[in-house]
Amino acid sequence: MFPAPFDYVAPASLDEAVQALANAGGEAKVLAGGHSLLPMMKLRLAQPSMLVDIGKIQGLSYIRQEGDVTVIGALTTHAEVERANIPLLSETAAVVGDLQVRNRGTLGGSLAHNDPAGDLPAAVLALGAEIKAVGKNGERTIPIDQFFVDLLTTALREDEILTEVRIPALKGRTGVSYKKFPQPASRYAICGVAAVVTLGADNTVESARIAITGVGPKVYRATAVEQALQGKTATEENIKAAAEHAADGVDVNGDIHASPEYRAHLAKVFTRRAVEEAVRRAQGG
Ligand SMILES: Cc1cc2nc3c(=O)[nH]c(=O)nc-3n(C[C@H](O)[C@H](O)[C@H](O)COP(=O)(O)OP(=O)(O)OC[C@H]3O[C@@H](n4cnc5c(N)ncnc54)[C@H](O)[C@@H]3O)c2cc1C
């Protein structure tokens, strides 16, 4: 199907792009890699009156260190993230879609889109990242725990552009893992679990951040699992018991690919696998 008619602008600067969004009064959409937005426009699930293509703006694609923070520009592609050896984020980017998708899709686009089956939202949520955005009222930083609001909805305002993702360094004996059960055709996550686990010297869990995608209306932190792990020795038995809480309190999705019961089951199994691998890696394995 063809998209509804729309205007197109390709500003050369962030200021111009923000101005274009503000002038459109909520009717415009940012265009980055186009791998989520264009399919939605073709299905007429999105009908923006204007596309503001940020692809011609210089300086939005980079990966650099600022002290112990890894800083990634919004237009950095999944393939570039995959090659950068960033704990958890690179292994997650490596399992997004296929090569074509990873070469066009951007980190900023994936987070701003907040697809309930997207992989990268889970990784950045588990990593405790921060999001930088710029809009007509200037720049602000949004903690990741406040960023993913609801299905396909984030804390970004209509005139705001996500510019940067800031990932804090892992501290102490920390291990990470992303485990995914992909939809066989698209590779989107039917269930994906990102785990960041920090162990004390005696192998007790000092802290855990577990983020799950594909299961609920949006990516979420499995706080019941995190609490069940905290202070416990990282044994197989304790991890399995904690993982049983992976879908607690979640309105679990059901569709032609997986029923709610099956997805809830996957959430438990993949949480156990992700936490086990994170623990092994924290122990140097
Ligand atoms: C066949 C196929 C398979 C896929 N498989 C997977 C998969 O396995 N896992 C997965 O996670 N994803 C998958 N994707 C989605 C892919 O990762 C997308 O590229 C990504 O979700 C969106 O990034 P984009 O740069 O293409 O954004 P776009 O499509 O350009 O934009 C998406 C949305 O975000 C907004 N936006 C984009 N950039 C910004 C910004 N900087 N500031 C504010 N708003 C912005 C747009 O306005 C739009 O609403 C798949 C896509 C396809 C087509």
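Since the structure is predicted, the reported quantities are computational estimates derived from the model, not experimental observations.

## Quick notes on the environment of His265
Looking at where His265 falls in the secondary structure, it is placed in helix α10 (residues 260-282). Spatially, the C-alpha atom of His265 lies 37 Å from that of Ile63, the residues being 202 residues apart in sequence.

## Describing the domain arrangement of the protein chain
In terms of domain boundaries, the protein chain breaks down into domain 1 (7-53), domain 2 (63-168) and domain 3 (173-282). A C-alpha centroid distance of 35 Å is found between domain 1 and domain 3.

## What to know about the site of the ligand
Val30, Leu37, Thr106, Asp119 and Arg187 are the nearest of the 31 residues found near the ligand. Between the ligand and Gly34 there is a distance of 2.8 Å, counted from an oxygen atom to a backbone nitrogen or oxygen. Between the ligand and the protein, one listed contact pairs a nitrogen atom with a backbone N or O atom of Ser186 at 3.2 Å. When the ligand is considered free in solution it has 970 Å² of accessible area, and contact with the protein chains removes 90% of it. Among the secondary structure elements, those contributing two or more residues to the shell around the ligand are β2 (28-31), α6 (107-113) and β10 (161-168).

## Concerning the pairing of β2
Of the strand pairs in this sheet, β2 and strand β3 (residues 50-53) are connected by 4 bridges, and their pairing is parallel. Across the sheet, Val30 pairs through a bridge with Val52, a residue of β3.

## As for the nonpolar core
If you look at the biggest cluster of nonpolar residues, it comprises 35 residues, and the most contacted ones within it are Leu88, Leu89, Leu111, Val124, Phe147 and Val165. Ranked by residue count, the leading element in this core is helix α7 (residues 120-126), at 6 residues. With sequence-adjacent residues up to four places away left out, Leu111 is seen in contact with Leu120, Pro121, Val124, Ile131, Phe147, Phe148, Thr154, Leu162 and Val165. Residues Val205, Val225, Ile239 and Ala258 belong to the second largest nonpolar core, which totals 32 residues.

## Here we look at the sheet that holds β3
One open sheet accounts for 3 strands, arranged β1-β3-β2; its pairing is parallel. Looking at strand neighbours, the two that pair on one side only are β1 (7-9) and β2, the edges of this open sheet. Along the sheet, successive strands turn relative to each other by an average axial angle of 25°, direction set aside. Bridge count between β1 and β3: 3 bridges; the pairing is parallel. Of the residues in β3, the one forming a bridge with Asp7 is Met50.

## Quick notes on the pairing of strand β5 (residues 69-73)
When you tally the buried positions in β5, you get 5 out of 5 residues, the bulk of the element. A two-sided burial pattern is seen for β5, the buried positions comprising Val69, Val71 and Gly73 on one face and Thr70 and Ile72 on the other. As defined by bridge partners, strand β4 (residues 63-66) adjoins β5 across 4 bridges and the pair is classed as antiparallel. Bridge pairing links Glu66 to Val69 in β5. Linking β4 to β5, which pair antiparallel, is a turn of 2 residues; within it Gly67 sits at a positive phi near 60°.

Rules of the game
- Residues numbered from 1 in each chain as written.
- Predicted model: local features only at pLDDT ≥ 70, side-chain atom pairs only at ≥ 80, totals over all residues.
- Heavy atoms only, no water.
- Helix = DSSP H or I, 4+ residues; strand = E, 2+ residues; numbered from the N terminus.
- Domains from an automatic or database assignment.
- Near = heavy atom within 4 Å.
- Polar contact = N/O pair within 3.5 Å; in protein donor to acceptor, adjacent residues only side chain to side chain.
- Areas by Shrake-Rupley, 256 points an atom, 1.4 Å probe, with all protein chains shown as cover.
- Pairing = 2+ DSSP bridges.
- Core = buried A, V, L, I, M, F, W, Y, C linked by side-chain atoms within 4.5 Å.
- Buried < 20%, exposed > 50% of the residue type's maximum accessible area, 1.4 Å probe, protein only.
- Contact = heavy atoms within 4.5 Å.
- Axes fitted to C-alpha atoms, helices over the stretch in contact; angles between N-to-C directions.

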